[in-house]
Amino acid sequence: MKNVLMIVGHSNYGNSLSNKTIADTAKGNTNITVRNLADVSDGFNFNVEEEQKALASADIIVLQFPFHWYALPALFKKWMDDVLQFGFAYGPGGDKLSGKKLVLSFTTGGPSDTYTKDGSNNYTVEEFTAPLIQTAQFCQMEYAGNVCSNGMLYIPDMMGDKDEVTAKAKDHAKRLVEHLESL
Ligand SMILES: Cc1cc2nc3c(=O)[nH]c(=O)nc-3n(C[C@H](O)[C@H](O)[C@H](O)COP(=O)(O)O)c2cc1C
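Just so we're clear, the structure is a prediction, and the values are computed from it rather than from any experiment. (Residues numbered from 1 in each chain as written. Predicted model: local features only at pLDDT ≥ 70, side-chain atom pairs only at ≥ 80, totals over all residues. Heavy atoms only, no water.)

## Some words on the packing of helix H1 (residues 18–26) against helix H7 (residues 162–182)
Line of reasoning, step 1. Packing of H1 against H7 leaves a shortest axis separation of 8 Å and a crossing angle of 40°. Classified by the angle their axes make, H1 and H7 are oblique. Between H1 and H7 lies a crossing whose hand is right-handed. Within the contact between the two elements, H1 uses Ser18, Thr21, Ile22 and Thr25 and H7 uses Val165, Thr166, Ala169, Lys170, His172 and Ala173. (Axes fitted to C-alpha atoms, helices over the stretch in contact; angles between N-to-C directions. Helix = DSSP H or I, 4+ residues; strand = E, 2+ residues; numbered from the N terminus. Parallel < 35°, antiparallel > 145°, perpendicular 65-115°, else oblique. Left-handed = near helix turned anticlockwise from the far one by under 90°. Contact = heavy atoms within 4.5 Å.)

## A few points about the pattern of salt bridges
Line of reasoning, step 1. Applying the stated rule across the entire model yields 10 salt bridges.
Line of reasoning, step 2. One salt bridge connects Lys20 with Asp24, and the closest N-O pair in it is separated by 3.1 Å. One end of the pair, Lys20, and the other, Asp24, are both in helix H1, four residues apart, so they sit about a helical turn from each other.
Line of reasoning, step 3. The partly exposed category is assigned to Asp24, whose relative accessible area is 36%.
Line of reasoning, step 4. The closest approach of N and O atoms between Glu142 and Lys101, which form a salt bridge, is 3.7 Å. Linking Glu142 in strand E7 (residues 142–149) with Lys101 in strand E6 (residues 101–107), this pair joins segments that are 41 residues apart in sequence.
Line of reasoning, step 5. Looking at Glu142, the relative accessible area reads 43%, which means it is partly exposed.
Line of reasoning, step 6. Looking at Lys101, the relative accessible area reads 18%, which means it is buried. (Salt bridge = Lys/Arg side-chain N within 4 Å of Asp/Glu carboxyl O. Buried < 20%, exposed > 50% of the residue type's maximum accessible area, 1.4 Å probe, protein only.)

In structure tokens form, the structure reads like this:
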């Protein structure tokens, strides 16, 4: 497997079950470096130079996140706004991400049958990720697909089954590693 950087962006990592399980499972693979934005941010602020250095060192970049209102969690969006700068990711001299592969790895609370044209969410998960796919292309990266798990909502004593969601998250990590190995 090539050199993989998994960036985990969750606005409330302390309450995460799925994304935490996926990140912890992925950590066991020597070719995957896990960078948790909860650990490298001060509030919603980042050391942009350090973030850019981490991105530049990877062959494959994985964005790991839960759907929050059909999009990246706010912390991850702020990271993207701050880090993908003119002269780094685009514009003159902005070729530092050129040729790298981007994989989207995410979880949704809604079940898979809601993410269809006729389902309650009206669009597929792939359609909701169009801005990220285009961001990859704008930054001269190659979009290399997604790994998605639906029905991952777990709220203690209220919603979801912890063991079931944990098992699905571990399976997600396995599918992600298989996908990364195929790239
Ligand atoms: C603020 C917020 C917004 C959410 N928006 C969506 C959504 O748009 N679609 C969806 O399917 N699930 C949504 N969910 C559910 C999360 O995607 C789900 O709980 C998450 O994928 C589980 O991962 P975690 O255990 O790492 O938090 C939302 C949850 C929160 C807290």
